[in-house]
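Close look at the chain arrangement
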Number of protein chains: 2
Amino acid sequence: MRLYTEQNLAADQAVALTAAQAHYLRNVMRANVGDNVLLFNGRDGEWSSRIDTIRKGAGTLLPQRQRRPQRPEPGPWLLFAPLKRAPLDFLVQKSVELGAAALQPIQTANTNTGRINLDRMQANAIEAAEQCERLMVPEVRPAQKYTFLLENWPKDRYLLVCAEFGAAQPIDLMLRNAPPDSAWGILTGPEGGFLPSELELLRNRPFTRMVSLGPRILRAETAAIAALTCWQSVLGDWHEGRPNSHEPSTPKL
Amino acid sequence: MRLYTEQNLAADQAVALTAAQAHYLRNVMRANVGDNVLLFNGRDGEWSSRIDTIRKGAGTLLPQRQRRPQRPEPGPWLLFAPLKRAPLDFLVQKSVELGAAALQPIQTANTNTGRINLDRMQANAIEAAEQCERLMVPEVRPAQKYTFLLENWPKDRYLLVCAEFGAAQPIDLMLRNAPPDSAWGILTGPEGGFLPSELELLRNRPFTRMVSLGPRILRAETAAIAALTCWQSVLGDWHEGRPNSHEPSTPKL
């Protein structure tokens, strides 16, 4: 059992459960006072904690021992146009597992501007982070206009663009020649594609790197996940070992 | 509009629509006689075809010009334990987009042997192949016992194993040192993990390559898709250019 909390974590400082967490521990996991729960908050590492009190809708945990220290998770920001509910749920879950640092919905000319449910994205991100043993929950950012984002893009951050058309190099080749320890964003286009003027905005920026993802047409969410996978495999933390002595995780699905 | 058919494709040889295809063209796409449809069957390449007749539940197409010749798609076989419906739908769709050559459900000791719906897998594979512009539909194989598969594994095919525990090298390192033009399978474990005896069966085989996918715990379907992505990016066809003059595809979602 592993839970995210917004509260501080320190030995023997009680952490209050939310009503949803108390319900999950009590009714889904059938947990009782004394049972062990892992807690993380994105700042204080991961703590072995004991259930001190639990009842309907409330409860407290007592952190006992820091099991893993906090460490930076310098994954890419993921920029994507809004998707329908199922592909978006999927994209959020998978991008958390694959170590994205932030999720940034974008609005383009061809974007169906159905309102994006940030609360649902946030809840999915938290659940995925709990499951995959991350020490932080990626930041879920409010939607921004694509042109505004591009015009205000940080100078020291590359932007990997999954390009369906035009001059692009194979993603493997580009990543292999990228500077180590560099900061990145990953951008996939909307289902309707970018306008030529939107593509032009990318071509004229020194930070963009246009890459191709092979000869098949990938859905927007597939492209995002595939690019993130390649990034982690070549530039990210997949060359490091797995932290040892993990207890097997319990899938909640 | 792009459809898979089991019939032969040759100029001016009529191809009969299934009732579902006629419904899709007529009622979903609002297509009429004379409209263009791309056809493929996994043997004869892709053909520009014209709707010759169409009515409720039936119709015929006339192939006119071969637009792309058939070419081999030597992607990996994907071996996976049964999953719940949503993750399985997702795995099938994404693995088709990412160029798997065959989908092989496996039964392990820790597999929940809920019957796997092969018809649903097949329908999802066809739809994904139509969408992503592949020239073949991956073979959907009936479930097999893991031990049987391992004992009868072809000697000339490597098996990439997504390993949660034990000695494994980073997937990028392994793929980069793999022989080019080699044949592969990709195996992900069941949600409950392999038994030690099942893992032993992998360790003693010369064709297995145990790889790690970084420090986070990936769900079974995420691991399969991530491994397939890395394979395509390093060993597969992602170093080739995209075939030119694609018409933009129309997402069916």
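Residues numbered from 1 in each chain as written. Chains lettered and ligands numbered in written order. Predicted model: local features only at pLDDT ≥ 70, side-chain atom pairs only at ≥ 80, totals over all residues.

1. A short note on the overall build of chain A
Scanning chain A from N- to C-terminus turns up seven helices and 13 strands. A compact globule built from 253 residues would reach a C-alpha radius of gyration of about 18 Å, and chain A, at 20 Å, matches this within 12%. Counting only C-alpha atoms and orienting by the principal axes, one finds that chain A spans roughly 60 × 40 × 30 Å. For chain A, the residues scored as buried account for 43% of the 253 residues in total. Taking contacts inside chain A between residues at least 6 apart in sequence as the whole, the part at least 24 apart equals 78%. (Helix = DSSP H or I, 4+ residues; strand = E, 2+ residues; numbered from the N terminus. Rg over C-alpha atoms; globule rule 2.2 N^0.38 Å. Buried ≥ 20, exposed ≤ 12 C-beta atoms within 10 Å, placed from the backbone. Contact = placed C-beta atoms within 7 Å.)

2. A closer look at the pairing of strand 13 (residues 208-212) of chain A
Sheet topology note: the strand 10 (residues 157-162) of chain A/strand 13 of chain A ladder contains four bridges and is parallel. Pairing of Val161(A) across the sheet is with Met210(A), part of strand 13 of chain A. (Pairing = 2+ DSSP bridges.)

3. Notes on the relation of the copies chain B and chain A
By a simple turn and slide, chain B fits onto chain A: the slide is 0.0 Å along the axis, the RMSD is 0.0 Å, and the turn is 180 degrees. The two molecules are tied by a two-fold rotation axis, judged by turn and shift. For chain B, the residue whose C-alpha comes nearest the rotation axis is Cys230(B), separated from it by 3.1 Å. Residue by residue, 100% of the interface of chain B is reproduced at the interface of chain A, so both copies engage with the same surface. (Least-squares fit on C-alpha atoms with pLDDT ≥ 70 in both.)

4. Brief notes about the sheet that holds strand 4 (residues 46-55) of chain A
Residues and elements named next belong to chain A. The five strands lie next to each other as 1-3-4-5-2, forming an open sheet whose pairing is mixed. Every other strand in the sheet has two partners, leaving strand 1 (2-4) and strand 2 (15-16) as the edge strands with one partner each. When strand 3 (residues 36-40) meets strand 4, the two strands line up antiparallel, connected through five bridges. Across the sheet, residue Asn36 finds its bridge partner in strand 4, namely Arg50.

5. Concerning the interface of chain B and chain A
If you look at the interface, chain B gives 42 residues, while chain A gives 42 residues. Among the secondary structure elements, those contributing two or more residues to the side of chain B that touches chain A are helix 2 (85-97), helix 3 (118-132), helix 5 (171-176) and helix 7 (220-234) of chain B. By residue number, the principal contributor to the side of chain B that touches chain A is helix 7 of chain B, which donates eight residues. Of the residues assigned to the side of chain B that touches chain A, the class counts are 19 nonpolar, eleven polar and twelve charged. (Nonpolar A, V, L, I, M, F, W, Y, C, P; charged D, E, K, R; others polar.)

6. A word on the environment of Leu103(A)
Residues and elements named next belong to chain A. Assignment of secondary structure puts Leu103 in strand 7 (residues 102-107). Look at Leu103 and you get buried, because 24 C-beta atoms sit within 10 Å. Sequence separation of Leu103 and Lys56 is 47 residues, and the distance between their C-alpha atoms is 33 Å. Setting aside its immediate chain neighbours within four residues, Leu103 contacts Leu78, Val92, Ser95, Met121, Ala125, Pro138, Val140 and Arg141.

7. A short note on the nonpolar core
Most often, soluble globular proteins keep nonpolar side chains buried together rather than apart. Counting residues in each nonpolar core, the largest one holds 103 residues, and the members touching the most others are Ala227(A) and Ala227(B). The residues contacting Ala227(B), other than those within four sequence positions of it, are Leu160(B), Cys162(B), Ile171(B), Ile186(B) and Leu213(B). (Core = buried A, V, L, I, M, F, W, Y, C linked by C-beta atoms within 7 Å.)

8. So, the environment of Thr188(A)
All names here are of chain A. Structurally, Thr188 is set in strand 12 (residues 183-188). In this structure the C-alpha to C-alpha distance between Thr188 and Ala220, which are 32 residues apart in sequence, comes to 6.3 Å. Beyond its immediate stretch of four places on either side in the chain, Thr188 contacts Phe80, Cys162, Ala220, Ala223 and Ala224.

9. Here we look at the sheet that holds strand 2 (residues 15-16) of chain B
Residue and element names in this part refer to chain B. The five strands are arranged 1-3-4-5-2 in an open sheet whose pairing can be described as mixed. Every interior strand has two partners, whereas the edge strands, strand 1 (2-4) and strand 2, have only one. Where strand 4 (residues 46-55) and strand 5 (residues 58-68) come together, nine bridges link them in antiparallel fashion. Bridge pairing links Arg55 to Ala58 in strand 5.

10. Considering the domain arrangement of chain A
Residue and element names in this part refer to chain A. Along its sequence, chain A is carved into domain 1 (2-68) and domain 2 (77-239). Measuring from the centre of the C-alpha atoms in domain 1 to the corresponding centre in domain 2 gives 33 Å. Domain 1 puts eight residues into the contact, and the matching count from domain 2 is seven residues. The element best represented in the side of domain 1 that touches domain 2 is strand 1, accounting for three residues. Looking at the side of domain 1 that touches domain 2 residue by residue, the class counts come to three nonpolar, two polar and three charged. (Domains from an automatic or database assignment.)

11. Points about unusual backbone geometry
Residue and element names in this part refer to chain A. Of note, the phi angle at Arg30 is positive, near 55 degrees, even though the residue is not glycine. As for its placement among the helices and strands, Arg30 is situated in the loop between helix 1 (19-28) and strand 3. Arg30 sits in the exposed class, given 8 other C-beta atoms within 10 Å.

12. So, the confidence of the model for chain A
All names here are of chain A. Confidence in the prediction of chain A, expressed as mean pLDDT, is 90, and 93% of residues score 70 or more. For residues 242-253, every residue scores under 50 in pLDDT, and the model assigns this stretch 14 contacts once sequence neighbours within four places are set aside. This prediction of the complex comes with two scores: 0.91 for pTM and 0.90 for ipTM. (pLDDT = per-residue confidence, 0-100.)

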